[in-house]
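The lines below spell out each chain.
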Amino acid sequence: MPKEKKQLSKALKTFFGVGDLGFNWMTNIETYYFAYFLTNVAQFPMAMVTMVQTIGSVIDAALSWVYGIMLNKIKPLKWGRYRSWLAVLPWVVPFLYLLQFRAFGNGMGAALIIVFGTVSSHIAWNIPYVANMAMVNVASDSADDRNALSSVRTLWTYLARMSYSYVGPGLVAFFTAKLSVENAYAATAFALGAVMAALYFAHFVMFSGYEETGAEEIARLQKQAEQQQKSNQKTAGIGAAIASNPQILGVLGAYLFYMMYSFCFSAFAVYYGQYIALDAGFMTKFLLISNITAVVGSIVSRKVAQKLSSKGTFQLALLGIAVLYFCAYIMKSNPTVVIILMSVGGFFAAFATAMTVPMLANCSIYSEYKTGVNCTGAVMGFLNVPIKIAVIGRGLLISTVLGITGFNPSIAVEEASDAVKNGIAIGFTVIPAILLVIGFLIITFGYHIKESDIEKYSAEIKARKQA
């Protein structure tokens with residue numbers, strides 16, 4: 001018989017998400033320094049730089065949907081199907097991650113070592129990342145619990161973004177002085193990988209007692225299998241459980257356009273600062289203020305969700321940001337007003353970020369209610385797919401917009417044409433707003449699960465397990 005779920009502890013309500021802070025610090029080293037490391041430190045030819053980045057990205061994207069299914073299909077480990085992975089794999093990451101930033105020359109062999117470090121480290125951190133999200137559903141006993149955990153996780157994520165500008169560059173500078181520039185990036189990757197592992201272990205400790213141990217789950221599943229065999233019932237597979245609930249696609253589709261919005265405006269921000277605001281400090285001010293408002297948004301998102309539901313809060317966020325961005329385009333020649341409008345957008349963006357995981361958790365509960373199969377890991381694992389697709393879409397959008405406007409980086413920013421400036425403004429504000437409207441329509445018509453019904457489904461699932 002499964003354990004009764006404990007009430008969420010004060011530690012979880014306050015500190016769940018510290019692992020995501022470490023995760024964001026760690027992955028930002030790749031985001032901000034990998035290309036620079038390949039070109040300026042390792043000094044690979046550009047063709048090899050392209051090859052290394054492309055191979056790593058393609059393999060990472062191709063595997064992005066596999067991790068959750070793997071977690072659901074394999075035998076649960078000692079401390080539980082999901083919780084165990086928060087303690088097992090993260091400690092391997094620092095040793096693999098440093099290989100991504102260690103150049104043993106600049107030939108093909110050195111490039112292949114970096115590709116190995118890239119692919120293996122991503123596999124090693126993606127599995128606990130998915131398990132970490134799955135634990136939101138495992139530990140929660142209500143929609144409010146799921147919203148609470150996801151909101152505090154979002155808070156720590158935005159705190160990571162605010163603090164990274166000091167942590168990442170600071171560590172690189174420290175290790176450059178101590179170990180030389182050739183070793184600084186590998187040392188930084190190792191150090192922040194170790195921080196991530198330690199903070200994911202803190203999640204492991206905080207989740208103690210919220211999930212069946214591996215032995216308990218195996219015993220329960222064996223009992224269920226015997227009962228089904230006696231009654232000649234067939235057990236649905238993971239694929240059938242997911243296919244039974246197309247609303248999963250509604251959430252993932254809306255999240256895809258939300259991530260495309262996020263990547264699009266972020267990429268065009270530097271162009272807006274240089275070509276329209278004519279302010280070298282624009283990015284610093286914009287990122288700082290928008291992340292501060294996002295922290296505030298993550299704090300209040302749970303209260304809003306209690307009034308509107310996770311879907312309603314997500315819808316409010318997408319429409320609110322879209323309206324603000326359309327207004328920002330109208331005021332595009334006034335950088336101060338643009339920063340204010342888009343920073344308020346950051347407040348709403350925290351709502352959307354916080355509510356995505358609870359909606360997916362609802363989808364997994366609904367699927368288990370319909371089929372009897374727990375597919376939480378697989379459903380949460382699919383959240384990686386929109387992110388990878390959005391990364392590809394970002395490159396296409398930026399190239400297309402700049403190409404249409406006749407952008408030429410050799411022309412001085414003061415001499416850029418009105419067409420170029422207007423195109424940049426559209427890429428920074430209007431296109432992201434349109435993407436959000438599309439996401440709003442997808443979630444509105446593609447997701448219909450009521451949180452009041454989820455409570456009934458959860459109670460039914462619990463009764464089945466105790467039978």
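Quick caveat: nothing in here was measured; it's all calculated off a predicted structure. (Residues numbered from 1 in each chain as written. Predicted model: local features only at pLDDT ≥ 70, side-chain atom pairs only at ≥ 80, totals over all residues. Heavy atoms only, no water.)

S.K.: Just checking my understanding: could you explain the packing of helix α12 (residues 247-275) against helix α13 (residues 282-330) for this structure?
M.R.: When two helices pack together, their arrangement is given by the angle between the helix axes and by the axis-to-axis distance. The interhelical angle for the contact between α12 and α13, taken along N-to-C directions, is 160°, at an axis separation of 12 Å. Taken together, α12 and α13 sit at an angle that is classed as roughly antiparallel. Seen along the crossing, α12 lies across α13 with a hand that is right-handed. Residues A254, Y258, Y261, F265, A269, V270, Y272 and G273 of α12 touch α13, and the partners they reach there are F282, M283, F286, F314, L318, I321 and Y325. (Axes fitted to C-alpha atoms, helices over the stretch in contact; angles between N-to-C directions. Helix = DSSP H or I, 4+ residues; strand = E, 2+ residues; numbered from the N terminus. Parallel < 35°, antiparallel > 145°, perpendicular 65-115°, else oblique. Left-handed = near helix turned anticlockwise from the far one by under 90°. Contact = heavy atoms within 4.5 Å.)

S.K.: How do you make sense of the nonpolar core when you look at a structure like this?
M.R.: In a soluble, globular protein the nonpolar side chains are often hidden away together inside. Counting residues in hydrophobic clusters, the biggest one holds 146 residues, and the most contacted among them are F37, F44, F101, Y258, Y261 and F428. Not counting chain neighbours up to four residues away, the residues in contact with Y258 comprise Y158, L318, A349, A352, T353 and L436. (Core = buried A, V, L, I, M, F, W, Y, C linked by side-chain atoms within 4.5 Å. Buried < 20%, exposed > 50% of the residue type's maximum accessible area, 1.4 Å probe, protein only.)

S.K.: Help me understand the packing of helix α8 (residues 143-179) against helix α14 (residues 335-371), please; the structure alone is not making it clear to me.
M.R.: Look at α8 against α14: their axes get within 9 Å of each other, and the N-to-C directions meet at 140°. Taken together, the axes of α8 and α14 lie oblique to each other. Judged by the sense of rotation from one axis to the other, the crossing of α8 with α14 is right-handed. Residues R146, N147, S150, S151, R153, T154 and Y158 of α8 touch α14, and the partners they reach there are A349, A350, T353, A354, M355, V357, P358, A361, N362 and I365. Tallied by class, residues from the contact of α8 with α14 come to nine nonpolar, six polar and two charged. (Nonpolar A, V, L, I, M, F, W, Y, C, P; charged D, E, K, R; others polar.)

S.K.: Help me understand a nonpolar patch on the surface in this model?
M.R.: Judged by side-chain polarity, F326, I434, V437, I438, L441 and F445 come together as a nonpolar surface patch covering roughly 510 Å² of accessible area. Note on placement: F445 falls in helix α17 (residues 418-446). (Patch = residues over 30% accessible without salt bridge, like charges linked within 9 Å, V, L, I, M, F, W, Y side chains within 5 Å. Areas by Shrake-Rupley, 256 points an atom, 1.4 Å probe, with all protein chains shown as cover. Salt bridge = Lys/Arg side-chain N within 4 Å of Asp/Glu carboxyl O.)

S.K.: Would you mind showing me how to read the confidence of the model for the protein chain here?
M.R.: Any region with low pLDDT has predicted coordinates that should not be read closely. Residues with a pLDDT of 70 or more make up 94% of the protein chain, whose mean pLDDT is 87. Of all helices and strands in the protein chain, the one with the weakest mean pLDDT is helix α11 (residues 238-243) (64), whereas helix α6 (residues 93-100) scores best (96). (pLDDT = per-residue confidence, 0-100.)

S.K.: What am I meant to see in the packing of aromatic side chains here?
M.R.: Two aromatic rings are characterised by how far apart their centres lie and by the angle between their planes. Considering all chains together, one arrives at 36 aromatic pairs under this definition. Ring geometry for Y33 versus Y185: centroids 5.4 Å apart, planes at 55°, classification tilted. With Y33 in helix α2 (residues 18-41) and Y185 in helix α9 (residues 181-206), this residue pair connects regions lying 152 residues apart in the sequence. Neither residue differs from the other here; Y33 and Y185 are each classed as buried. (Phe/Tyr/Trp six-rings, centres within 6.5 Å; stacked < 30°, edge-to-face > 60°.)

S.K.: Explain the environment of A111 to me, please; I cannot follow it from the model alone.
M.R.: You can see A111 is positioned in helix α7 (residues 108-139). In this structure A111 touches F44, M48, M51 and V52, once residues within four positions along its chain are discounted.

S.K.: Help me out: how do you make sense of the pattern of salt bridges in this one?
M.R.: As a working rule, side chains carrying opposite charge can pair if their charged atoms are close by. Counted according to the given criterion, the structure contains seven salt bridges. For D144, the salt bridge identified is with R302, shortest N-O distance 2.6 Å. Here D144, found in helix α8, pairs with R302, found in helix α13; they are 158 residues apart in sequence, far enough to count as distant. For the salt bridge of K285 with D279, the shortest nitrogen-to-oxygen distance reads 2.7 Å. Given a relative accessible area of 40%, K285 falls into the partly exposed group. Under the relative-accessibility criterion, D279 is labelled partly exposed at 27%.

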